[in-house]
Amino acid sequence: GAGVSQSPSNKVTEKGKDVELRCDPISGHTALYWYRQRLGQGLEFLIYFQGNSAPDKSGLPSDRFSAERTGESVSTLTIQRTQQEDSAVYLCASSLGPVNTEAFFGQGTRLTVV
Amino acid sequence: ILNVEQSPQSLHVQEGDSTNFTCSFPSSNFYALHWYRWETAKSPEALFVMTLNGDEKKKGRISATLNTKEGYSYLYIKGSQPEDSATYLCAFSEGYQKVTFGTGTKLQVIP
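Residues numbered from 1 in each chain as written. Chains lettered and ligands numbered in written order. Predicted model: local features only at pLDDT ≥ 70, side-chain atom pairs only at ≥ 80, totals over all residues. Heavy atoms only, no water.

(A) Expanded view of empty space enclosed by the protein. Counted by the stated rule, this structure contains 1 cavity of 30 Å³ or more. Taken together, Y33(A), Y35(A), A93(A), T101(A), A103(A), F105(A), H34(B), Y36(B), V99(B) and F101(B) form the lining of the largest cavity. Going through the elements one at a time, β4 (31-37) of chain A together with β4 (30-38) and β10 (99-101) of chain B are the ones with two or more residues in the lining of the largest cavity. Partitioned by chemical class, the residues of the lining of the largest cavity number 8 nonpolar, 2 polar and no charged. (1 Å grid on protein atoms, 1.4 Å probe; cavity = no way out; pocket = protein on both sides within 12 Å on 5 of 7 lines; lining within 4 Å. Points joined across faces, edges and corners; volume = space filled by probe spheres on them. Helix = DSSP H or I, 4+ residues; strand = E, 2+ residues; numbered from the N terminus. Nonpolar A, V, L, I, M, F, W, Y, C, P; charged D, E, K, R; others polar.)

If you want it as structure tokens, here you go:
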């Protein structure tokens, strides 16, 4: 596609439910990143994929968070047993390759846990 | 944990004023420094990627400089316009790894 696409754009879920967020990167982009921004805070790194492997998962806040990527394509971020502190905008970005190339961001998924 | 700091946190300037903000990052294992502009209700948009000490980049009225030895980058906006109002993020990458973002400088240009 023309840009990074994320779905859904908004998600309201009840505490304790699982949610799945999707990211479609720009075709040909090997690097994919997930970030989140909680209210009033900066961008927080979650996970980085190079191809379909994740050399850096250090940002995942707990074992309730997991992410997968199919080849150099779609990625899903899954949050199990959501908590209110998971409420945030979840942003996905992709780039052509190494980190000295610019990243292109999706519009984000606004997750609200009630 | 990498420390990428931006200052000031927020800034109000009058239309037509020039302004600048700072990004500080670890000076060891430098790989690249990115600047992004993030307007409300939009996604971050890349402004510059800089990799070499002494790099200077320019895009219209916005420019950036890089000092990797001392670990800082400046972003300059000349003749600020209301449409420049946004949060400006810098991001540092150490080696072939993730990009760590600062918390941003929120700029408000008053007409």
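Moving on from the model shown.
(B) Inspection of the state of the cysteines at higher detail. Enumeration according to the criterion identifies 2 disulfides over all chains in this entry. Sulfur-sulfur distance for the disulfide between C23(A) and C92(A) comes to 1.8 Å. In this structure the cystine formed by C23(A) and C92(A) twists about its S-S bond by roughly -65°; its chirality is therefore left-handed. With a gap of 69 residues between them, C23(A) in strand β3 (residues 19-24) and C92(A) in strand β9 (residues 88-95) connect regions that are remote in the sequence. In this model C23(B) forms its disulfide with C90(B); the gap between the sulfur atoms is 1.9 Å. Between C23(B) and C90(B) the disulfide shows an S-S torsion of about 70°. By sign, it is right-handed. On the criterion of sequence distance, the pair formed by C23(B) in strand β3 (residues 19-24) and C90(B) in strand β9 (residues 86-94) is long-range, its members being 67 residues apart. With relative accessibility at 0%, the residue C23(B) sits in the buried group. (Disulfide = S-S within 2.5 Å. Buried < 20%, exposed > 50% of the residue type's maximum accessible area, 1.4 Å probe, protein only.)

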